[in-house]
Amino acid sequence: MTDDAARRVFRVVDSFDPEAFARLLAEDATLVFGNAEPMAGREAVVTGLRAFFSTIGGLRHRIVRSWQAGADVIAETEVTYRRLDGRDVTVAAVSIWRTRDDGLIADYRIFVDLAPLYAP
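Residues numbered from 1 in each chain as written. Predicted model: local features only at pLDDT ≥ 70, side-chain atom pairs only at ≥ 80, totals over all residues. Heavy atoms only, no water.

A. Looking closely at the overall build of the chain. Looking only at helices and strands, one finds 4 helices and 6 strands in the chain. Starting at the N terminus, the α and β elements of the chain follow one another as α-α-β-β-α-β-β-β-β-α. Taking 120 residues into account, the globule formula puts the C-alpha radius of gyration at 14 Å, and the chain, at 14 Å, falls close to it. With the C-alpha coordinates aligned to their principal axes, the bounding extent of the chain is approximately 45 × 30 × 25 Å. Put simply, the chain has 120 residues, and 42% of those count as buried. Within the chain, contacts between residues at least 6 apart in sequence are counted, and of these 49% link residues at least 24 apart. (Helix = DSSP H or I, 4+ residues; strand = E, 2+ residues; numbered from the N terminus. Rg over C-alpha atoms; globule rule 2.2 N^0.38 Å. Buried < 20%, exposed > 50% of the residue type's maximum accessible area, 1.4 Å probe, protein only. Contact = heavy atoms within 4.5 Å.)

Shown next, in the form of structure tokens:
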């Protein structure tokens, strides 16, 4: 079941559609991307994802492993980002999210080093 949940979420993330991702979230959800300030609420998440997506040409997640502990899903992934110059860069990442009883994500955290993505 955990891999199914992770696959479902990453399929939406990889669609490059911030509004579709926001539909997975509770209205008051928080998202923290690396060391950035937390984004609170669907609208803030959409705005933040649009800004990030404007710096890349696309992305694709490959699940290495995933675990579920109660309402929390932890997914170790390899993420391939398409740079705006057309080159692909793959980095390791871990995403952790907590799902409410209604199935919506209440808290989403992404741990990744994006330095290789923006390196010259």
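B. Just helix α3 (residues 42-53), in detail. Here α3 spans 16 Å end to end across 12 residues, near enough to the 16 Å set by a 1.5 Å rise per residue. Residues of α3 that are buried include every one of Val45, Val46, Leu49, Phe52 and Phe53, and no others. Angular distribution of buried residues about the axis of α3 spans 130°; they occupy a single face of the element. (Expected span 1.5 Å × (residues − 1). Arc of directions from axis to C-beta.)

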